[in-house]
Amino acid sequence: MPPPAPMRPLPPLHLSAPASTVDRVVDELRRALFAGEITAGTPLREQALTEAMGVSRSTVREALGVLVAEGLAEREPHRGVHVTSLEADAVHDVVTTRLVLESAGVRAWPDADPADQSAVRTALEAFVDAARSSDADPVRVTATHLALHRSVVALTGSARLLGLADAVYAEIRLALAKVDRMRQDAAQQVCNHEELVALLESGDTDATLAALRVHLEEAAESMLLALELGD
């Protein structure tokens, strides 16, 4: 995979509320990441960001800490912070883990709390609304996409499984955002997820598990393509 391109200049921030400075920096960096303006592996230099965004270095340092906590960036000793990137083996491992977690949710459907069952439909509606928006926000599309899959894991009623799912989803947020940008097929993605949820709600566990496996295998292929990684 070729080295990441240099980070494009970011606009200076015009801030009126000092208490929200870090949040505003985080929002702008997150937006640039999900829009593909800052690519995987790109170093996030404190001094460069300080100068580009017109804020203090301590503000940038704190903002980068938030991105690291969210899984959008990684901090390495003596090397600083860079945008999270995935290798091919990691993509396959993440999808395998997702299959285990989300399959557990599918199997739990018949005995799941009615509120958790309802939450799956609510999450689907939020994703559909985000994906079909005329000016779809990539941050919102990716967040609602993953929230839908998270709601399936939540059917297990296990806080530990949800915690594991959150860690896994954090790893792939940027890769998934790139996939969504490249596909530009919101209607098909909406249809695929509606069919998956309809199968789940029908109570046909075997059919839902089979559809989920295909869905995640296709997700792996799309991420590898988007990240320009070979099998």
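Here, the structure is the one placed above.
Below: a short report on this structure. Here the structure is a predicted model, which means the values were calculated and not measured. (Residues numbered from 1 in each chain as written. Predicted model: local features only at pLDDT ≥ 70, side-chain atom pairs only at ≥ 80, totals over all residues. Heavy atoms only, no water.)

### Examining the overall build of the protein chain
Defined as follows: Here a helix means four or more residues in a row that DSSP labels H or I, a strand means two or more in a row labelled E, and each is numbered from the N terminus. Throughout this description, buried means an accessible area under 20% of the type-specific maximum (1.4 Å probe, protein chains only), exposed means over 50%, and partly exposed covers the range between. Contact criterion: two residues are considered in contact whenever any of their non-hydrogen atoms come within 4.5 Å of each other. Shrake-Rupley sampling with a 1.4 Å probe provides the accessible areas, and residues are treated as covered by the protein chains on show and by no other component.
Counting its secondary structure elements, the protein chain contains nine helices and two strands. Each helix and strand of the protein chain, ordered N terminal to C terminal, gives the series α-α-α-β-β-α-α-α-α-α-α. Here the protein chain holds 231 residues, and 44% of them are scored as buried. Partitioning the contacts of the protein chain with sequence separation of at least 6, the portion at a separation of at least 24 is 71%. Within the structure as shown, the protein chain displays about 11800 Å² of accessible surface, and the carbon and sulfur contribution to it stands at 53%.

### Structural notes on the pairing of strand β1 (residues 73-76)
A regular strand places its side chains on the two faces of the sheet in alternate fashion. Threshold: By the convention used here, strands pair only if DSSP detects at least 2 bridges between them.
Where β1 meets strand β2 (residues 80-83), four bridges bridge the pair, whose relative direction is antiparallel. Counterpart to Ala73 in the pairing with β2 is Val83. The hairpin formed by β1 and β2 contains three residues between the paired strands, and His78 there has a positive phi angle of roughly 65°.

### Considerations on helix α4 (residues 88-108)
Here is the rule we go by: An expected span of 1.5 Å times one less than the residue number is assigned to each helix.
Taking 1.5 Å of rise per residue, 21 residues should cover 30 Å, and α4 covers 31 Å from first to last C-alpha, within 8% of that figure. Those residues of α4 lying buried are Ala88, Val91, Val94, Val95, Arg98, Leu99, Leu101, Glu102, Ser103, Gly105, Val106 and Ala108.

### Regarding unusual backbone geometry
Although it is not a glycine, His78 sits at a positive phi angle of roughly 65°. In this structure, His78 sits in the loop between β1 and β2.

### Let's talk about a negative patch on the surface
Convention followed: Like charges within 9 Å and nonpolar side chains (Val, Leu, Ile, Met, Phe, Trp, Tyr) within 5 Å are joined into patches, using only residues over 30% in relative accessible area that form no salt bridge. Note on definitions: salt bridges are taken to be side-chain nitrogens of Lys or Arg within 4 Å of carboxyl oxygens of Asp or Glu. Charge assignment: positive for Lys and Arg, negative for Asp and Glu; neither His nor the chain ends contribute. A single reference atom marks each charge: NZ on Lys, CZ on Arg, CG on Asp, CD on Glu.
On the surface, a cluster of negative charge is made up of Glu74, Glu87, Asp89, Asp93 and Glu171. For Asp89, the location among the structural elements is in helix α4.

### Brief notes about empty space enclosed by the protein
Counted only if it meets this: A cavity here means a set of points on a 1 Å grid, drawn over the protein atoms and nothing else, where a 1.4 Å probe fits but cannot get out; a pocket is an open set with protein on both sides within 12 Å along at least five of seven lines, and a residue lines either one if it has an atom within 4 Å of a point. Grid points are joined across faces, edges and corners, and a volume is the space filled by probe spheres set on the points. In this classification, Asp, Glu, Lys and Arg are treated as charged, Ala, Val, Leu, Ile, Met, Phe, Trp, Tyr, Cys and Pro as nonpolar, and every other residue, Gly included, as polar.
A full pass over the atoms with the stated rule returns one cavity of 30 Å³ or more. The volume enclosed by the largest cavity comes to roughly 90 Å³. Along its surface, the largest cavity is lined by Glu102, Val106, Leu148, His149, Val152, His193, Leu196, Val197, Leu200, Thr208 and Leu212. Residue contributions to the lining of the largest cavity peak at four residues, all from helix α8 (residues 186-202). For the lining of the largest cavity, the per-class residue count stands at seven nonpolar, three polar and one charged.

### Structural notes on helix α9 (residues 205-226)
Here α9 is 22 residues long and its end C-alpha atoms lie 31 Å apart, about the 32 Å a rise of 1.5 Å per residue gives. Among all positions of α9, only Thr208, Leu209, Leu212, His215, Leu216, Ala219, Ala220, Ser222, Met223, Leu224 and Ala226 are buried. Just downstream of α9, Glu228 is the residue with a positive phi angle, here 55°.

### Observations regarding the pattern of salt bridges
Per the counting criterion, the structure on display carries 12 salt bridges. Close ionic contact of Arg57 with Glu46 constitutes a salt bridge, the shortest N to O distance being 3.0 Å. With Arg57 in helix α3 (residues 57-69) and Glu46 in helix α2 (residues 46-53), this residue pair connects regions lying 11 residues apart in the sequence. Overall, the relative accessible area of 39% leaves Arg57 in the partly exposed class.

### A look at the nonpolar core
Cut-off, in case you're wondering: Throughout this description, the term nonpolar core refers to a set of buried Ala, Val, Leu, Ile, Met, Phe, Trp, Tyr and Cys residues connected via side-chain atoms within 4.5 Å.
Judged by nonpolar contacts, the single largest core of 45 residues is most densely connected at Val91, Val120, Leu148, Leu155, Ile172 and Met223. Every element with two or more residues in this core is listed here: α4, α5 (114-132), α6 (138-153), α7 (159-183), α8 and α9. Leu155 has contacts with Gly105, Ala108, Trp109, Ala112, Asp116, Gln117, Val120 and Leu200, leaving out every residue within four places of it along the chain. In terms of nonpolar packing, the next biggest core, distinct from the first, is built from 23 residues, Val25, Leu33, Phe34 and Ala63 among them.

### Digging into the side chain of Arg173
Take Arg173: it is sitting in helix α7. The exposure class of Arg173 is buried, given its relative accessible area of 19%. When sequence neighbours within four positions are dropped, the list of residues in contact with Arg173 reads Arg30, Phe34, Glu70, Leu72, Thr142 and Leu146.

### Side note on the packing of helix α1 (residues 21-34) against α6
Worth spelling out the cut-off: Note on geometry: axes are lines fitted to C-alpha atoms, helical ones only across the stretch in contact, with angles between N-to-C directions running from 0 to 180 degrees. Each angle is binned into one of four classes, with values under 35 degrees roughly parallel, values over 145 roughly antiparallel, values of 65 to 115 roughly perpendicular, and all other values oblique.
Relative orientation of the contacting elements α1 and α6 amounts to 80°, with a least axis distance of 8 Å. When the interaxial angle is binned, α1 and α6 end up roughly perpendicular. Residues Arg30, Arg31 and Phe34 of α1 form the contact with α6, whose participating residues are Pro138, Val139 and Thr142. Classifying every residue of the contact of α1 with α6 by side-chain character gives three nonpolar, one polar and two charged.

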